[in-house]
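Each chain is listed here by its residues.
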Amino acid sequence: GLARSATSFYAAFDPSTLPRDLREVYRCVVAEVPPEQLIVPFTILEAEFEDEPAYIASFLQGPAPDQPYDRLVMWVVGRDDCRLRSLASQRL
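Presented here is an overview of the structure given in this document. (Residues numbered from 1 in each chain as written. Predicted model: local features only at pLDDT ≥ 70, side-chain atom pairs only at ≥ 80, totals over all residues. Heavy atoms only, no water.)

For the chain, the count of helices and strands is two helices and four strands. Taken from N to C terminus, the helices and strands of the chain fall in the order α-α-β-β-β-β. In terms of overall size, the chain behaves like a compact globule, its C-alpha atoms giving a radius of gyration of 13 Å where 92 residues would be expected to give roughly 12 Å. Taken over the C-alpha atoms alone, the chain extends approximately 35 × 30 × 25 Å along its principal axes. For the chain, contacts bridging at least 24 residues in sequence account for 39% of all contacts bridging at least 6. Only carbon and sulfur atoms are counted for the fraction: they give 52% of the accessible area of the chain, which is about 5,900 Å². Distance between charge centres in the chain, computed from 9 positive and 14 negative side chains, equals 5 Å. (Helix = DSSP H or I, 4+ residues; strand = E, 2+ residues; numbered from the N terminus. Rg over C-alpha atoms; globule rule 2.2 N^0.38 Å. Contact = heavy atoms within 4.5 Å. Areas by Shrake-Rupley, 256 points an atom, 1.4 Å probe, with all protein chains shown as cover. Lys, Arg positive; Asp, Glu negative; His and termini not counted. Charge placed at Lys NZ, Arg CZ, Asp CG, Glu CD.)

Right under this line is the structure:
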């Protein structure tokens, strides 16, 4: 099951336990996420954005780290430089 909040997710999540290739992808998509903004990775897909290789990552976020998710956040991140290209969010 999915953790109820970002706080509970990160209490049990250790990115160093991911396989090396997935660990690098995870680090890339969260590179520009501010440390205080706890968002929980939900899906990460390889894609293209404006003719450049990219990751499209979706995250779950609550109004506060210890509260249940109420928003889906999507980031488009360049695969080559891990820079944020676009973002969107939608209330659940």
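Now that the structure has been shown, we can carry on.
Let us look at the packing of aromatic side chains. In this description, an aromatic ring pair is defined by two values, namely the gap between the centres and the angle between the planes. As enumerated under the stated definition, the model contains five aromatic pairs in all. Consider the rings of Y10 and F13, whose centres lie 5.9 Å apart with planes at 80 degrees: the pair is edge-to-face. Geometrically, the ring pair formed by F59 and W75 is edge-to-face, given 6.2 Å between the ring centres and 75 degrees between the ring planes. Of the two residues, F59 is situated in strand β2 (residues 52-61) and W75 in strand β3 (residues 71-78); the sequence distance between them amounts to 16 residues. (Phe/Tyr/Trp six-rings, centres within 6.5 Å; stacked < 30°, edge-to-face > 60°.)

One finds V29, V30, V33, I39, Y55, F59 and W75 to be the most contacted residues of the largest nonpolar core, which totals 13 residues. Mapped by element, the contributors of at least two residues to this core are α2 (20-29), β2 and β3. Per-element accounting of this core gives the leading share, four residues, to α2. Excluding anything up to four places from it in sequence, V33 contacts I39 and W75. In this structure, A6, F9, V40 and Y69 belong to the second largest nonpolar core, which totals five residues. (Core = buried A, V, L, I, M, F, W, Y, C linked by side-chain atoms within 4.5 Å. Buried < 20%, exposed > 50% of the residue type's maximum accessible area, 1.4 Å probe, protein only.)

Here we come to the environment of P35. With respect to the secondary-structure elements, P35 resides in the loop between α2 and β1 (40-49). On a C-alpha basis, the gap between P35 and F59 in space is 14 Å, while along the polypeptide they are 24 residues apart.

Our focus in this paragraph is the state of the cysteines. One pass over the structure, following the stated rule, counts one disulfide. One disulfide in the model links C28 with C82; its S-S distance is 2.2 Å. In this structure the cystine formed by C28 and C82 twists about its S-S bond by roughly -115 degrees; its chirality is therefore left-handed. Of the two residues, C28 is situated in helix α2 and C82 in the loop between β3 and β4 (84-91); the sequence distance between them amounts to 54 residues. Its relative accessible area of 4% is what places C28 among the buried residues. (Disulfide = S-S within 2.5 Å.)

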